[in-house]
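The residues making up each chain are set out below.
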Amino acid sequence: MSPALSRIGVLGAGAWGTALALAAHRAGRDTWLWARKPAQVAAMAADRENRDYLPGVPFPEALRVTGDLADIGACDAVLLVSPAQHARAMCAQLAPALRPGVPVVVCAKGIELDSFALMSEAVAAALPTGTPLAILSGPTFAAEVARGLPTAVTLACADAALGTALVEALGSRSFRPYRSDDVIGSQIGGAVKNVLAIACGVVEGRRLGDNARAALITRGLAEITRLALALGGRADTLMGLSGLGDLTLTCSSLQSRNMSLGAALGAGQTLADILAARRSVAEGVYTAAAVVGLAARLGVEMPICAAVDAILNRGAGLDATIDGLLSRPFRGEGA
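Residues numbered from 1 in each chain as written. Predicted model: local features only at pLDDT ≥ 70, side-chain atom pairs only at ≥ 80, totals over all residues. Heavy atoms only, no water.

**Q** What is the right way to look at the environment of Gly190 in this model?
**A** Of note, Gly190 is situated in helix H8 (residues 183-205). The spatial distance from the C-alpha of Gly190 to the C-alpha of Cys200 is 16 Å, given a sequence separation of 10 residues. In this view, Gly190 contacts Lys109, Ser137, Ser242 and Asp246; residues no more than four positions away in its chain are not counted. (Helix = DSSP H or I, 4+ residues; strand = E, 2+ residues; numbered from the N terminus. Contact = heavy atoms within 4.5 Å.)

Given below as structure tokens:
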């Protein structure tokens with residue numbers, strides 16, 4: 001146990017934040033879980049579970065819940081698990097309470113819609129100058145992590161010593177972080193796979209078959225890789241947990257909020273009705289437009305992501321959009 005990282009704060013008490021708090025506790029850390037709403041803090045403290053987002057998963061007695069950012073700022077490391085579009089604002093609130101030198105691990109997956117900023121860029125702009133940053137990404141369903149089922153993730157950090165310390169602080173028999181120094185590539189995989197999962201959900205809802213889903217996953221990975229390379233990421237990162245691993249998981253199971261949303265779209269429901277019935281955020285809905293905007297700025301072709309954005313945000317019909325993808329000119333596989 002690294003004494004320097006013995007106390008972990010988790011900022012955000014949705015399903016994923018709660019699961020990470022439980023994982024940190026299993027790793028032997030003194031863990032604090034923060035929620036914005038006083039009523040949720042009180043309910044979790046009384047019920048010793050998060051009935052809103054992870055019902056039926058009990059909290060260990062030592063896991064502490066709080067609504068006070070000072071408790072999180074006093075920790076040795078902070079896991080940022082707010083929705084991607086709120087990460088910058090959340091860090092602006094945390095900044096006055098954060099002790100100098102305390103690392104922030106970004107666990108949100110997305111690209112900021114207004115600025116096309118990666119999460120590391122948005123967070124760095126709001127935190128005190130010099131705050132150490134890391135990225136946690138990879139194939140994770142919150143309910144499985146919360147129950148202690150075996151999970152492997154990427155922990156990306158430019159500082160090798162800090163990355164190693166974070167791996168040791170968070171890792172356990174059932175939660176296995178693999179260290180990387182590719183902060184950019186690790187973020188692109190986690191963000192874009194949410195958009196591609198919506199496309200795979202449409203395939204499911206439209207009953208277009210497993211062949212079509214496999215094609216979308218493979219060609220989607222090519223899109224992810226092109227974008228990552230254009231930003232300075234590495235291709236080998238996208239063949240790992242934060243790329244291929246996360247893409248495969250999210251595009252292959254209706255446990256995925258993004259894939260299930262796409263399936264509902266494919267079955268004929270409207271986006272407004274789907275979102276109105278949900279408590280949790282499907283990040284791909286917001287990331288789709290950001291990915292397309294960023295790709296256009298960089299001159300990167302991403303036809304599947306553009307198709308998802310057209311359906312979600314530009315009033316495009318499902319069948320016409322699918323037909324447009326199937327009518328694209330034939331090309332070499334490496335193109």
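Moving on from the coordinates now.
**Q** Looking at this structure, I do not really get empty space enclosed by the protein. What am I missing?
**A** Once rolled over the atoms, a probe with the size of a water molecule shows which space is left empty. According to the stated counting rule, one finds three cavities of 30 Å³ or more in the structure shown. Of the volumes computed, that of the largest cavity is approximately 60 Å³. Looking at side-chain class alone, the lining of the largest cavity contains four nonpolar, five polar and one charged residues. (1 Å grid on protein atoms, 1.4 Å probe; cavity = no way out; pocket = protein on both sides within 12 Å on 5 of 7 lines; lining within 4 Å. Points joined across faces, edges and corners; volume = space filled by probe spheres on them. Nonpolar A, V, L, I, M, F, W, Y, C, P; charged D, E, K, R; others polar.)

**Q** Hey, could you run me through the pairing of strand S4 (residues 54-58) in this one?
**A** Two faces, one strand: in a regular strand the side chains alternate between the faces of the sheet. Of the strand pairs in this sheet, strand S3 (residues 49-50) and S4 are connected by two bridges, and their pairing is antiparallel. Paired with Glu49 across the two strands is Pro58, which belongs to S4. The hairpin formed by S3 and S4 contains three residues between the paired strands. (Pairing = 2+ DSSP bridges.)

**Q** Please explain a nonpolar patch on the surface as it appears in this structure.
**A** A surface patch of nonpolar side chains, amounting to about 210 Å² of accessible area, comprises Leu275, Val281 and Tyr286. By the element assignment, Val281 lies in the loop between helix H13 (271-276) and helix H14 (283-298). Judged by relative accessible area, which is 32%, Val281 ranks as partly exposed. (Patch = residues over 30% accessible without salt bridge, like charges linked within 9 Å, V, L, I, M, F, W, Y side chains within 5 Å. Areas by Shrake-Rupley, 256 points an atom, 1.4 Å probe, with all protein chains shown as cover. Salt bridge = Lys/Arg side-chain N within 4 Å of Asp/Glu carboxyl O. Buried < 20%, exposed > 50% of the residue type's maximum accessible area, 1.4 Å probe, protein only.)

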